[in-house]
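The chain contents come next:
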Amino acid sequence: MKKLCVVLSLLIVFTLGSIAFTNIKLGGIAGKITPTDAASGVSLVAATDTLKAQISQGVFTFSNLKEGVYTVVIKANAPYKDAVIERVAVKDSATTDLGEIKLVQ
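Residues numbered from 1 in each chain as written. Predicted model: local features only at pLDDT ≥ 70, side-chain atom pairs only at ≥ 80, totals over all residues. Heavy atoms only, no water.

## Some remarks on the environment of Asp82
Next, step 1: Take Asp82: it is sitting in the loop between strand S5 (68-76) and strand S6 (83-90).
Next, step 2: For Asp82, a relative accessible area of 44% gives the class partly exposed.
Next, step 3: Measuring from C-alpha to C-alpha, the distance between Asp82 and Ala38 comes to 9.5 Å, with 44 residues separating the pair along the chain.
Next, step 4: A polar contact is formed between the side chain of Asp82 and the backbone nitrogen of Ala76, at a distance of 2.8 Å. (Helix = DSSP H or I, 4+ residues; strand = E, 2+ residues; numbered from the N terminus. Buried < 20%, exposed > 50% of the residue type's maximum accessible area, 1.4 Å probe, protein only. Polar contact = N/O pair within 3.5 Å; in protein donor to acceptor, adjacent residues only side chain to side chain.)

In structure tokens:
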């Protein structure tokens, strides 16, 4: 009887553990900065957390993001001006494409 209780307890814990992690869906944010040499960095801000991404030929990507609303901050090289894109939504394992982001002088 004790073995049966232990086996059932382990089965319940395993089942609940596997169900708890199946609902996490991760998405991303991508975009292209023009001119391609105008930006020195891209950051993603959510509440008190900040992530940074590499820029390759003007293209950047943030991946493995939880569903939510983010702010994208682009640090520009002189003579261009920094850019901020607010309220960027990430939903259900989809990548939000910001398209072309033109930095102005």
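Here the narrative resumes, following the displayed structure.
## Some thoughts on the sheet that holds S5
Next, step 1: The sheet built from 4 strands is open, its strands ordered S3-S2-S5-S6 with antiparallel pairing. In the strand order of this sheet, the two ends are held by strand S3 (49-53) and S6, each with one partner. Within the sheet, the average angular offset between the axes of one strand and its neighbour, ignoring direction, is 25°.
Next, step 2: Relative to S3, strand S2 (residues 39-46) runs antiparallel, the two sharing 5 bridges. Opposite Ala46, over in S3, you have Asp49 as the bridge partner. (Pairing = 2+ DSSP bridges. Axes fitted to C-alpha atoms, helices over the stretch in contact; angles between N-to-C directions.)

## Overview of the pairing of S2
Next, step 1: As defined by bridge partners, S2 adjoins S5 across 6 bridges and the pair is classed as antiparallel. What sits directly across from Val45, in S5, is Thr71.
Next, step 2: Following S2, the chain reverses through 2 residues before pairing antiparallel with S3; Ala47 in that reversal takes a positive phi of roughly 55°.

## Things to note about the environment of Ala30
Next, step 1: Structurally, the position occupied by Ala30 is in strand S1 (residues 26-34).
Next, step 2: Residue classification places Ala30 among the buried positions, given a relative accessible area of 16%.
Next, step 3: Distance from Ala30 to Asp97, taken between C-alpha atoms, is 4.9 Å for residues 67 residues apart in sequence.
Next, step 4: Not counting residues within four places of it along the chain, the set of residues in contact with Ala30 comprises Phe60, Thr61, Thr95, Thr96, Asp97, Leu98 and Gly99. (Contact = heavy atoms within 4.5 Å.)

So yeah, pure geometry; function would need other evidence.
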